[in-house]
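Breakdown of the fold
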Amino acid sequence: ASDSEWGSISLEGLLQYLCENSTEFTELIRATLQISHDRLSMILYCDGVTPGNALAPDNKRKSLWWYASFLEFGTLLSCEECWLTLACATTIWTKSNPAGVSGLTRRLLRNLFIQQGVATKGLQLLGRTVHVSFHAMLGDEEALNAMLHTKGASGPVPCAALCCVVAKPLA
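Treat the numbers as computed from the prediction; the structure is a model and nothing was measured.

What counts, and where the lines are drawn
Residues numbered from 1 in each chain as written. Predicted model: local features only at pLDDT ≥ 70, side-chain atom pairs only at ≥ 80, totals over all residues. Heavy atoms only, no water. pLDDT = per-residue confidence, 0-100. Helix = DSSP H or I, 4+ residues; strand = E, 2+ residues; numbered from the N terminus. Salt bridge = Lys/Arg side-chain N within 4 Å of Asp/Glu carboxyl O. Buried < 20%, exposed > 50% of the residue type's maximum accessible area, 1.4 Å probe, protein only. Core = buried A, V, L, I, M, F, W, Y, C linked by side-chain atoms within 4.5 Å. Pairing = 2+ DSSP bridges. Axes fitted to C-alpha atoms, helices over the stretch in contact; angles between N-to-C directions. Phe/Tyr/Trp six-rings, centres within 6.5 Å; stacked < 30°, edge-to-face > 60°. Lys, Arg positive; Asp, Glu negative; His and termini not counted. Contact = heavy atoms within 4.5 Å. Polar contact = N/O pair within 3.5 Å; in protein donor to acceptor, adjacent residues only side chain to side chain.

Close reading of the predicted structure is inappropriate where its pLDDT is low. Per-residue confidence for the chain averages 82 on the pLDDT scale, and 82% of its residues sit at or above 70. Between the elements of the chain, mean pLDDT differs from a low of 78, seen in helix α5 (residues 141-148), to a high of 96, seen in helix α2 (residues 23-36).

As structure tokens, then:
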């Protein structure tokens, strides 16, 4: 996938937009940054979405969505409003990408932390420099297997921690 076909939103731009347009989000970020000393731990979540009738899914319309939130939000992580949409791609297009979902996840994180400079220079928010680190990746079994490029429950290495559950030696 070329950069013209795949794009993700700027986390800094999105956070600035939300702070400029939502007093509730501004209050949440201000309180969080005060407690966390201007440090945020990002959580990346990926999930598949199939729009339409749940009893007759149209898999041609299925897509993957990547969301981010911050560990410091604590119990508010259970609120949908605290998860920010970073990117989406149709499953059909994702399958045409040689690296698949794992390659797109890599590109998303690399764009965020290296190209946008979040890992080195931080981001500017509410007149502060906020340092963001990557904390965790969440998803159901299908999404995690796709993002981490593991085989899943049917393979000898069903998880990214390489826990062998069969008596076969791993190559």
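What follows is about the pattern of salt bridges. Following the criterion strictly, the structure yields 1 salt bridge and no others. For R128, the salt bridge identified is with D38, shortest N-O distance 3.5 Å. Here R128 is found in strand β5 (residues 128-138), whereas its partner D38 is found in the loop between α2 and β1 (39-49), with 90 residues between them in sequence. By relative accessible area, which is 28% here, R128 ends up partly exposed.

This next bit is on the nonpolar core. Soluble globular proteins tend to bury their nonpolar side chains together. L11, M42, W66, F70 and V132 are the most contacted members of the largest nonpolar core, which has 40 residues in total. Counting residues per element, this core draws most heavily on helix α4 (residues 100-115), which supplies 6 residues.

Negative phi characterises most residues that are not glycine, and trans characterises most peptide bonds. In this structure, H37 is a non-glycine residue whose phi angle is positive, near 55 degrees. By secondary structure assignment, the location of H37 is in the loop between α2 and β1. Taking the relative accessible area as the measure of exposure, H37 reaches 66% and is therefore exposed. In the Ramachandran plot, D38 falls in the positive-phi region, its phi being about 60 degrees despite a non-glycine side chain.

What follows deals with the sheet that holds strand β2 (residues 63-70). In space, the 5 strands of this open sheet follow the order β3-β2-β1-β5-β4, with mixed pairing throughout. The outermost strands of the open sheet, each flanked by one partner alone, are β3 (84-90) and β4 (123-125). For this sheet, the mean inter-axis angle between neighbouring strands, taken without regard to orientation, is 35 degrees. For β4 and β5, the ladder comprises 3 bridges, and the chain directions are antiparallel. Across the sheet, residue L123 finds its bridge partner in β5, namely V130.

Before going further, it helps to examine the packing of aromatic side chains. Taken as a whole and assessed by the stated rule, the structure comprises 4 aromatic pairs. Relative to F134, the ring of F113 lies with its centre 6.4 Å away and its plane at 85 degrees, an arrangement referred to as edge-to-face. Placement of the pair is F113 in helix α4 and F134 in strand β5, with a sequence separation of 21 residues. Judged by its relative accessible area of 12%, F113 falls in the buried class. Taking the relative accessible area as the measure of exposure, F134 reaches 36% and is therefore partly exposed. Among the aromatic residues, ring-to-ring pairing joins Y45, Y67 and W83 into one connected group.

You can see E12 is positioned in helix α1 (residues 11-21). Buried charge without a partner: E12 forms no salt bridge, and the closest opposite charge is K121, 5.5 Å away. Residues in contact with E12, not counting those within four places in the same chain, are L123 and Q124.

Considering the arrangement of structural elements, one finds S69 in strand β2. Polar side-chain contacts of S69 include one of 2.7 Å to the backbone oxygen of C82. In this structure, S69 is in contact with S41, M42, I43, L77, C82 and W83, ignoring residues within four places of it in sequence.

Within β2, 7 of the 8 residues are buried, which leaves the element mostly enclosed by the surrounding structure. Relative to β2, β1 runs antiparallel, the two sharing 8 bridges. Paired with M42 across the bridge in β2 is F70. In terms of strand pairing, β2 meets β3 through 6 bridges, oriented antiparallel. Residue pairing across strands places W65 opposite C88, the latter belonging to β3.

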